[in-house]
Amino acid sequence: MALVTLEGVGKTFRGRTGAWEAVRDFSLELAEGEFFCLLGTSGCGKTTVLNMLAGFEAPTAGRILLDGKPVRGPGADRGVVFQGHDSLYDWLTARDNIAFGLRLRGMAKAERRAVADRFLTMVGLTGQGAKHPSELSGGMKQRIQIARALANDPRILLMDEPFGALDAMTRAVLQNELSDIWAKSGKTVLFITHDIEEAVALSTRVGVMKRGPGGTLKAVVPVDLPFPRERTSDGFMQTFRQVHALIHEEIHPHE
Ligand SMILES: Nc1ncnc2c1ncn2[C@@H]1O[C@H](COP(=O)(O)OP(=O)(O)OP(=O)(O)O)[C@@H](O)[C@H]1O
Ligand SMILES: [Mg+2]
């Protein structure tokens, strides 16, 4: 059985300015352990799809199953890493941010600390747990977000352009780290990005969305290249070109 099933999922927002069909007939199955990148032009509905799977928004059509059960709201079985890096609690240390969900679940203090420190190390921030978010760089904050999501041991990590706001060098470092963490943890990941190279570097499959209104999945490209990915290899470039062509059609539909 697939870990995640999206079946004919649609989302129409209704507001004062009328209705906007953001997502139409979106169907996808994610297998346990895969790293799926969702790619598409701005406004095509990527975040809306992720928000529905996270349980922040309800679909207006179709259904979403996690482990065969309908998604009815947010839950600890889904770890979300948001775009930008301001979703951390400013008044908590890095360690307490990571341990926040564990505390809610009633884990004892010493154990929480041990788990938080383990994940601090996993994201390369050993010994930085006492700092507050205001004392961390953007890249460090993104690492804390990833550690926080992993500490809750979710069934799936949902990441919405987690590296979008970072400089190219920090982004490349975090991409490699995330790839290692994914390989070691065996977690299932749904990762949203604008960046074709990032998608091909990280994923086992890349899904390209059609632009909106009514954004939907238009193609899925398997990426059967060994890890760590060699970005200048023929296989990498070939996949890059294939995905690029699919995106290019959405930007320039009449060419
Ligand atoms: N709460 C909302 N109310 C009304 N319209 C919305 C709402 N959220 C999103 N939309 C609309 O739905 C469409 C898809 O938005 P979404 O944020 O999913 O796009 P995206 O693919 O994540 O774009 P980006 O790459 O820029 O982040 C957009 O046209 C947007 O204006
Ligand atoms: Mg978005």
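Everything numeric here is computed off the predicted structure, so don't read it as measured data.

### Regarding the site of ligand 1
Ser42, Gly43, Lys46, Thr47 and Thr48 are the nearest of the 13 residues found near ligand 1. Separating an oxygen atom of ligand 1 from a backbone N or O atom of glycine 43 is a distance of 2.8 Å. In this structure, threonine 47 approaches ligand 1 through a side-chain N or O atom, which is 2.8 Å from an oxygen atom. Summarising the interface, the protein chains cover 62% of the accessible area of ligand 1, which totals 640 Å² for the free molecule.

### Digging into the packing of aromatic side chains
When we look at a pair of aromatic rings, we describe it by the centre distance and by the angle of the planes. Under the definition given, this model contains seven aromatic pairs. Judged by centre distance (5.8 Å) and plane angle (85°), the ring pair of phenylalanine 35 and tryptophan 182 falls under edge-to-face. Of the two residues, phenylalanine 35 sits in strand β3 (residues 35-39) while tryptophan 182 sits in helix α5 (residues 168-185), which places them 147 residues apart along the sequence. For the pair tyrosine 89 and phenylalanine 100, a centre-to-centre distance of 4.8 Å together with 55° between the ring planes defines the contact as tilted. Of the two residues, tyrosine 89 is situated in the loop between β6 (78-81) and α2 (94-104) and phenylalanine 100 in helix α2; the sequence distance between them amounts to eleven residues.

### Examining the domain arrangement of the protein
By domain assignment, the protein separates into domain 1 (4-77 + 154-251) and domain 2 (88-153). Between the C-alpha centres of domain 1 and domain 2 there is a distance of 25 Å. In this assembly, 14 residues from domain 1 lie in contact with eleven residues from domain 2. Viewed at the interface, domain 2 and domain 1 are joined by two residue pairs in polar contact (both at pLDDT 80 or more). When residues of the side of domain 1 that touches domain 2 are traced back to their parent elements, those giving at least two are β7 (156-160) and α5. For the side of domain 1 that touches domain 2, the element with the highest residue contribution is α5, accounting for five residues.

### What to know about the packing of α2 against helix α4 (residues 138-151)
Put simply, α2 and α4 touch, their axes get as near as 8 Å, and they point 25° apart. Put simply, α2 runs roughly parallel to α4. Between α2 and α4 lies a crossing whose hand is right-handed. Taken together, the residues of α4 that come into contact with α2 (itself represented by Ala94, Asn97, Ile98 and Leu102) are Ile144, Ala147, Arg148 and Ala151.

Calculation notes
- Residues numbered from 1 in each chain as written.
- Chains lettered and ligands numbered in written order.
- Predicted model: local features only at pLDDT ≥ 70, side-chain atom pairs only at ≥ 80, totals over all residues.
- Heavy atoms only, no water.
- Near = heavy atom within 4 Å.
- Polar contact = N/O pair within 3.5 Å; in protein donor to acceptor, adjacent residues only side chain to side chain.
- Areas by Shrake-Rupley, 256 points an atom, 1.4 Å probe, with all protein chains shown as cover.
- Phe/Tyr/Trp six-rings, centres within 6.5 Å; stacked < 30°, edge-to-face > 60°.
- Helix = DSSP H or I, 4+ residues; strand = E, 2+ residues; numbered from the N terminus.
- Domains from an automatic or database assignment.
- Contact = heavy atoms within 4.5 Å.
- Axes fitted to C-alpha atoms, helices over the stretch in contact; angles between N-to-C directions.
- Parallel < 35°, antiparallel > 145°, perpendicular 65-115°, else oblique.
- Left-handed = near helix turned anticlockwise from the far one by under 90°.

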